[in-house]
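# Structural overview for review
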Amino acid sequence: MNNLDKLITLFESFPGVGARQAKRFAFHVLTMNDVDVADLSQLIATIKSSVVECDSCHRFFSKNGGDASLCSICSASNREHDRLLVVERDSDIQAIERAGVYNGLYFVLGGTVPLLRSADNEKLRAGALKATVQARLPEGLSEIILGFSINPDGENTARFIESVLNPILTESPVKISHLGRGLSTGSELEYADAETLKNALKNRY
Ligand SMILES: [Zn+2]
């Protein structure tokens, strides 16, 4: 396989990128100027050592030369440490932070469990979520909000996470809640506007 074909194959492995688009990306790289190509390859080569996963919420954050293991949200003393909002992806956090409607902590589950493929729950960070909840319990955690998409996969994931968390919450005052129907059916958190997110949080049940 020549280098161009290798690059096309790598782009094809990206989420949401098909064969045609992968080809366009690769040919685009050939038309970029040398400085941009050097920047791009340098970024790709170093991204995994400069951006790390937070030990508590598991979102990715930029180390900026420091050696912190917790992200700026988890380590902020002015955030409400009694609430934990569990979301599917890092991009959900970005949407909620941008909307400025929530001041608690987060946890990134890493996806959902499709209704018909329950074996996929292996891919989620269920064990890590348990560990984070157990670490937050003595710090006064009182509510875990499940913020998944309003669709069958999201509901299935909520049931799965409840089955994981309920055994460790029996002796605790922590309640599990769900985002309210301010979010319309089928909608994903990531694409919801600020008003919708605010209502979904306000109307949680
Ligand atoms: Zn964090």
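What you are looking at is a predicted structure, and each value in this text was computed from that prediction instead of being measured.

## Overview of the overall build of the protein
On a plain count of helices and strands, the protein comes out with seven helices and six strands. What you see in the protein, going N to C, is helices and strands ordered as α-α-α-β-β-β-α-β-α-β-α-β-α. Its C-alpha atoms give the protein principal-axis dimensions of roughly 60 × 40 × 35 Å. For the protein, the residues scored as buried account for 21% of the 205 residues in total. In the protein, the share of contacts with a sequence separation of at least 24, taken over all contacts with a separation of at least 6, comes to 56%.

## Observations regarding the nonpolar core
If you look at the biggest cluster of nonpolar residues, it comprises 29 residues, and the most contacted ones within it are C57, L84, V86, V87, Y106, F107 and V108. Of all the secondary-structure elements, those providing two or more residues to this core are strand 3 (83-87), helix 4 (90-99), strand 4 (105-108), helix 5 (126-136), strand 5 (143-147) and helix 7 (194-202). Residues contacting F107, with those up to four places away along its chain left out, are C57, H58, L84, V86, L129 and T132.

## Examining the sheet that holds strand 5
A sheet is described by the order of its strands in space; here four strands give the open sequence 4-3-5-6, paired in parallel fashion. Two strands bound the open sheet, and with one partner strand each, they are strand 4 and strand 6 (175-178). The sheet shows a mean angle of 25° between the axes of neighbouring strands, taken without regard to direction. Pairing of strand 3 with strand 5 involves five bridges; the strand directions are parallel.

## Brief notes about helix 5
Listing the buried residues of helix 5 in full gives L129, T132, V133 and R136. The buried residues of helix 5 occupy an angular sector of 100° when the element is viewed end-on, so they sit on one face. Summarising the geometry of helix 5, the exposed residues directed more than 90 degrees from the buried face are G127 and A135. Elements in contact with the buried residues of helix 5: strand 3, strand 4, strand 5 and helix 6 (152-169).

## Focus: the packing of helix 5 against helix 6
Between helix 5 and helix 6, whose axes approach to 10 Å, the crossing angle comes to 35°. Of the two elements, helix 5 crosses helix 6, and the hand of that crossing is right-handed. The segment helix 5 lies against helix 6, with A126, L129, K130, V133 and Q134 engaging I161, V164, L165 and I168. Its residues placed into classes, the contact of helix 5 with helix 6 shows seven nonpolar, one polar and one charged.

## Remarks on the domain arrangement of the protein
Once the domains are mapped, the protein shows domain 1 (3-48) and domain 2 (83-202). The straight-line distance from the C-alpha centre of domain 1 to that of domain 2 is 34 Å.

About the criteria used
Residues numbered from 1 in each chain as written. Predicted model: local features only at pLDDT ≥ 70, side-chain atom pairs only at ≥ 80, totals over all residues. Helix = DSSP H or I, 4+ residues; strand = E, 2+ residues; numbered from the N terminus. Buried ≥ 20, exposed ≤ 12 C-beta atoms within 10 Å, placed from the backbone. Contact = placed C-beta atoms within 7 Å. Core = buried A, V, L, I, M, F, W, Y, C linked by C-beta atoms within 7 Å. Pairing = 2+ DSSP bridges. Axes fitted to C-alpha atoms, helices over the stretch in contact; angles between N-to-C directions. Arc of directions from axis to C-beta. Left-handed = near helix turned anticlockwise from the far one by under 90°. Nonpolar A, V, L, I, M, F, W, Y, C, P; charged D, E, K, R; others polar. Domains from an automatic or database assignment.

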